[in-house]
Amino acid sequence: MVTKITKNIYKKVLPLPNNPLREINAYIITGERNILIDTGFNRPECEEALKSAFEELGINSADLLITHLHSDHCGLVAKFADNNSIIYSSETDGELINFESGNLYWKMLDDLFIKYGFPKAEFGRNTDIHPGRKYCNKDRINFTYISEGDILKYGGYELKVVLTPGHTPGHMCLYDEKNKILFCGDHILGTITPNICIEIGVENPLNDYIQSLKKIEKLDVKLLLSAHGTPVENMYDRINELYKHHEQRLNEVLSILGNESKTAYMTAEKMTWEIDCKNWNDFPAPQKWFATGEAVSHLQYLYFLGKVVKEEKNGVYFYRVKKD
Ligand SMILES: [Zn+2]
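Residues numbered from 1 in each chain as written. Predicted model: local features only at pLDDT ≥ 70, side-chain atom pairs only at ≥ 80, totals over all residues. Heavy atoms only, no water.

Novice: Which parts of the structure should I look at to understand the coordination of the zinc ion?
Specialist: For the zinc ion, the protein coordination sphere consists of His68 (NE2), His70 (ND1), His167 (NE2) and Asp186 (OD), at 2.2 to 2.3 Å. Between the four donor atoms coordinating the zinc ion, the angles at the centre fall across 85 to 173°, so the site counts as irregular. The motif formed by the donor residues of the zinc ion, counted along the single chain, is H-x1-H-x96-H-x18-D. For His68, a relative accessible area of 0% puts it in the buried group. (Donors = N, O, S within 2.8 Å, 3.2 Å for Na, K, Ca; no water. Tetrahedral: all angles 85-135°; square planar, octahedral: opposite > 155°, others 65-115°. Buried < 20%, exposed > 50% of the residue type's maximum accessible area, 1.4 Å probe, protein only.)

Here it is in structure tokens:
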């Protein structure tokens, strides 16, 4: 079933089987040309759900917009674009999506995580366990890159591109000023805290994310359309909760380091996670991966603040609290 959000804007909830996110909200705006915002994983469950949404709305062609590079948002791009479709993304994430369709990106990501203490041989090649790799788009996409301030006109709306790096380096939101509507991808989610993970070429993703929250806080938003979870009633309250969450996380990371020198992986092991597992050893491999990435983001933020020292030992980074 497609849900009508408001004039010409529809939401279709797509299943993400065996994934803790469980579902993704794809949005479709209908009009002279239609546009689909985010696609779901490249797997049959998402494809069928999206096909049924197109049928229900009586459309057989659409332009596509990818809010960010994650495979649950862009996995089906190639399958839902036809010869007439324009496929929009930011240049940063578009380039990464095409890079991800080859092997080198994943090899580089493996190496990066190993540098942050992820056990080298625990899961074979680490990224073999990554859902982003399993369900990514496999073909090179000919994107139309859009930048800050560009305006897309669909269904009577004027959607302005607002770049919000953090969750990914080229994450974008779309803002309709007149109707105070914001399509925010994974930038702000109601039930979950967006994962802030290290990425190739990014040094301080948590700082990027916090700056992007501040940017969005300045907009007048009445209707927030997120990519996962239940609707957010008040965006400004949710942003404050997210600031608080990361502040608590930073304090937690400092206390975990205590007087010792630890890798991000060792730090992640001690952090509190909302997951149905008895202990760290019980964590499914992909969750260990995301937890490590999240620990890196917080450690790097503290490193750039000058609160922790980062040292390389045998090709692996260790962090310790800086003593005055
Ligand atoms: Zn995402």
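Back to the write-up after that little detour.
Novice: Help me out: how do you make sense of the environment of Thr272 in this one?
Specialist: Locating Thr272 in the fold gives a position in the loop between helix H9 (264–270) and helix H10 (285–305). Among the residues examined, Thr272 registers a relative accessible area of 56% and is labelled exposed. Residues Thr272 and Glu252 lie 20 residues apart in sequence; the distance between their C-alpha atoms is 8.7 Å. Contact partners of Thr272, with chain neighbours within four places excluded, come to Arg249 and Glu252. (Helix = DSSP H or I, 4+ residues; strand = E, 2+ residues; numbered from the N terminus. Contact = heavy atoms within 4.5 Å.)

Novice: What am I meant to see in the packing of aromatic side chains here?
Specialist: Any pair of aromatic rings gets described here by the distance separating the centres and the angle formed by the planes. Within this structure, the stated rule accounts for 14 aromatic pairs. Geometrically, the ring pair formed by Tyr27 and Phe183 is edge-to-face, given 5.6 Å between the ring centres and 75° between the ring planes. Residue Tyr27 is located in strand E3 (residues 23–29), and its partner Phe183 is located in strand E11 (residues 181–185); the two are separated by 156 residues in the primary sequence. Phe183 shares its class with Tyr27; the two are buried. Plain terms: the ring middles of Tyr303 and Phe304 are 5.1 Å apart, the flat faces sit at 65° to each other, and that makes the pair edge-to-face. For Phe304, a relative accessible area of 45% corresponds to the partly exposed category. The rings of Phe113, Phe118, Tyr265, Trp280, Phe283 and Trp289 are connected pair by pair, giving a single aromatic cluster. One Lys or Arg, Lys310, reaches over the ring of Tyr303 and ends 5.4 Å from the middle of that ring. Sitting over the face of the ring of Tyr317, Lys310 holds its NZ or CZ atom 4.1 Å from the ring centroid. (Phe/Tyr/Trp six-rings, centres within 6.5 Å; stacked < 30°, edge-to-face > 60°. Lys NZ or Arg CZ within 6 Å of the ring centre and 35° of its normal.)

Novice: Just to check I follow, could you spell out the sheet that holds strand E2 (residues 9–15) for this structure?
Specialist: Each strand in a sheet pairs with its neighbour through backbone hydrogen bonds, running either in the same direction (parallel) or in the opposite one (antiparallel). The strand order across the open sheet built from seven strands is E1-E2-E3-E4-E5-E6-E7, with neighbouring strands paired in mixed fashion. Single-partner strands in this sheet number two, and they are strand E1 (3–6) and strand E7 (144–145). Here seven bridges tie E2 to E3, and the two strands are oriented antiparallel to one another. Residue Pro15 lies in a different strand from E3, and its bridge partner there is Glu23. (Pairing = 2+ DSSP bridges.)

Novice: Would you mind showing me how to read the pairing of E11 here?
Specialist: Within a regular strand, the side chains alternate between the two sheet faces. For E11, the buried fraction is high: five of the five residues fall into the buried class. Here E11 shows two buried faces, one formed by Ile181, Phe183 and Gly185 and the other by Leu182 and Cys184. Two elements, strand E10 (residues 172–176) and E11, share three bridges in a ladder whose sense is antiparallel. Residue pairing in the sheet places Leu174 in a bridge with Phe183 of E11. Between the end of E10 and the start of E11, which pair antiparallel, lie four residues, with Lys180 showing a positive phi angle near 55°. In this region the chain leaves E11, passes through helix H7 (residues 205–217) and returns to the parallel neighbour strand E12 (residues 223–226); the handedness of that crossover is right-handed. (Right-handed = clockwise from strand over helix to strand, strands pointing away.)

Novice: It is not clear to me how the packing of helix H4 (residues 91–100) against helix H5 (residues 104–115) should be interpreted in this structure. Could you clarify?
Specialist: Angle between the axes and distance between the axes: these two values describe a pair of packed helices. Interhelical geometry of H4 versus H5 gives an angle of 100° and a closest axis separation of 7 Å. In terms of their interaxial angle, H4 and H5 are classed as roughly perpendicular. The segment H4 lies against H5, with Leu96, Phe99 and Glu100 engaging Leu104, Tyr105, Trp106 and Met108. Tallied by class, the residues present in the contact of H4 with H5 amount to six nonpolar, no polar and one charged. (Axes fitted to C-alpha atoms, helices over the stretch in contact; angles between N-to-C directions. Parallel < 35°, antiparallel > 145°, perpendicular 65-115°, else oblique. Nonpolar A, V, L, I, M, F, W, Y, C, P; charged D, E, K, R; others polar.)

Novice: When you look at H4 in this model, what are you seeing that I'm missing?
Specialist: An α-helix turns once every 3.6 residues. As a result, residues three or four positions apart point the same way. When we look at burial in H4, the residues that qualify are Asp93, Gly94, Leu96, Ile97, Asn98 and Glu100. Those residues of H4 that are buried are in contact with helix H2 (71–74), strand E6 (87–89), H5 and E7.

Novice: Would you explain the sheet that holds strand E9 (residues 157–163) in this entry?
Specialist: Taken in spatial order, the five strands of this open sheet run E8-E9-E10-E11-E12, and their pairing is mixed. The sheet is open, and its two borders are formed by strand E8 (151–154) and E12, each paired with just one other strand. Sheet twist, expressed as the average angle between the axes of neighbouring strands with direction ignored, equals 25°.

Novice: Hey, could you run me through the side chain of Thr39 in this one?
Specialist: By secondary structure assignment, the location of Thr39 is in the loop between strand E4 (35–37) and helix H1 (44–57). Owing to a relative accessible area of 0%, Thr39 belongs among the buried residues under this scheme. One polar contact links the side chain of Thr39 to the main-chain amide nitrogen of Leu76, over a distance of 3.0 Å. (Polar contact = N/O pair within 3.5 Å; in protein donor to acceptor, adjacent residues only side chain to side chain.)

Novice: Just checking my understanding: could you explain the side chain of Thr292 for this structure?
Specialist: Counting through the fold element by element, Thr292 comes out in helix H10. Ignoring sequence-local partners within four residues, the contact set of Thr292 consists of Phe113, Tyr116, Phe118, Ala264, Tyr265, Ala268 and Trp280.

In short, geometric facts, not functional conclusions.
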